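One-letter residues, chain by chain:
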2 protein chains.
Amino acid sequence: MTHDGRNDVLRPFPDQRHDHDACRSEALAQVVAACAERGLRLTPLRRRVLELIWSSHTPVKAYDLLDRLRREHAAAAPPTVYRALEFLVEQGFIHRIESLNAYIGCSEPEQAHQGQFLICDSCGDAAELSDPDIAAVLRRKAEMLGFQLDVCTVELKGRCARCETAAG
Amino acid sequence: MTHDGRNDVLRPFPDQRHDHDACRSEALAQVVAACAERGLRLTPLRRRVLELIWSSHTPVKAYDLLDRLRREHAAAAPPTVYRALEFLVEQGFIHRIESLNAYIGCSEPEQAHQGQFLICDSCGDAAELSDPDIAAVLRRKAEMLGFQLDVCTVELKGRCARCETAAG
DNA sequence: GCTATAGATGTAATAATATAACATTTGCAA
DNA sequence: TTGCAAATGTTATATTATTACATCTATAGC
Ligand SMILES: [Zn+2]
Ligand SMILES: [Zn+2]
Ligand SMILES: [Zn+2]
Ligand SMILES: [Zn+2]
């Protein structure tokens, strides 16, 4: 695992100067590949919504996407955005952050999965974990209670290391 | 820990026939005590909203509360409900379920805390855990990443043991 | 008991988030 | 080609939540 600020599991928050074009294009390429493999249509609209979501590591709200989309696509309306979001979420290409009513690109879109999210109250960025220990303890507790577990929503708010350092 | 269907940590979902009046009145009494201790005003409106939330173990939506409130209090409007909810959430007397936009009574309101929730997709009931193992693993992971953890949202969806059994 | 004040509630309007319903267009397979 | 299913366009509406300002109420200090 490298220390380039993107891939190290111990540093899921990207640093300020990382090559974000690389983040975006890597994610896009993985999604393009997954669509080809699954026989799905990544239409220009869906692709554009995904690109807009990947414009940063900060979760994006549906109506912010709509505003940006309208600049280049006058016909865009709420269903335009919500349909694209529905497709992208269903396929695991993005995740919805329930506590923010917002959406973020999935860092491992090749196969759908449930992540956990760290969300910085200070800079707004969010980072995805796919932590097996967290998943395991939740599975174990559910099982002990006879609860047939389906969806796990884990959203952790606080301050990221970068902001914590900056604040002194 | 008894096996009366309410208190056993291994069976956080109440059974169908439990004495729910006891759930509600116990919660109310604890909240009354906490308000007295903290010098807070549990006004008739706040108290009534809390009672309505405690009418079941299913998370309640703000506008459903509003509808019920209006039957007995014609002046009720959205801010009436949202202000009461804000007070109750701030004090830890209820919790907000982010993934449902709904509210549920806290099972341990004496001191504010963060719980985890199991939510049954079948019957709609939710059960609160205050599981130290879950809390610990989240704290540990956040710490490893230099993330200053503040709020943990853990909401687990699936099917409760009761519904699982009923479905065969 | 007054009365000033802070907190709680009333009231109207609107913002923010999301979906329903039906028409039209497009891509693709028979 | 032509027919169908999927995607998008279009309009309207549902749901969730907040802002702003007016009024009322409990109570602490006089
Ligand atoms: Zn990046
Ligand atoms: Zn930050
Ligand atoms: Zn009960
Ligand atoms: Zn159930």
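Comments concerning the packing of helix 1 (residues 20-38) of chain A against helix 2 (residues 44-53) of chain A
Two packed helices can be described by the angle between their axes and the distance between those axes.
All names here are of chain A.
And then number 1: Viewed as axis vectors pointing N to C, helix 1 and helix 2 meet at an angle of 150°, and their least axial separation amounts to 10 Å. What the angle tells us is that helix 1 and helix 2 run roughly antiparallel. In this structure, helix 1 crosses over helix 2, and the sense of that crossing is right-handed. On helix 2, the residues that touch Arg24, Leu28, Val31 and Val32 of helix 1 are Arg47, Leu50 and Glu51.
And then number 2: Partitioning the contact of helix 1 with helix 2 into residue classes produces four nonpolar, no polar and three charged.

Structural notes on helix 3 (residues 62-70) of chain B
Residue and element names in this part refer to chain B.
And then number 1: Looking at helix 3, one finds that the buried residues are Ala62, Leu65, Leu66 and Leu69. Taken around the axis of helix 3, the buried residues stretch over an arc of 105°, which confines them to a single face.
And then number 2: Turning to helix 3, the residues buried within the fold contact helix 2 (44-53), helix 4 (78-90) and strand 2 (102-105).

Details of helix 2 of chain B
Count 3.6 residues to each turn of an α-helix, and residues three or four apart come out pointing the same way.
And then number 1: Of the residues making up helix 2 of chain B, those classed as buried are Val49(B), Leu50(B), Leu52(B) and Ile53(B). All buried residues of helix 2 of chain B lie within an arc of 160° about the axis, which places them on one face of the element.

About the criteria used
Residues numbered from 1 in each chain as written. Chains lettered and ligands numbered in written order. Predicted model: local features only at pLDDT ≥ 70, side-chain atom pairs only at ≥ 80, totals over all residues. Heavy atoms only, no water. Axes fitted to C-alpha atoms, helices over the stretch in contact; angles between N-to-C directions. Helix = DSSP H or I, 4+ residues; strand = E, 2+ residues; numbered from the N terminus. Parallel < 35°, antiparallel > 145°, perpendicular 65-115°, else oblique. Left-handed = near helix turned anticlockwise from the far one by under 90°. Contact = heavy atoms within 4.5 Å. Nonpolar A, V, L, I, M, F, W, Y, C, P; charged D, E, K, R; others polar. Buried < 20%, exposed > 50% of the residue type's maximum accessible area, 1.4 Å probe, protein only. Arc of directions from axis to C-beta.

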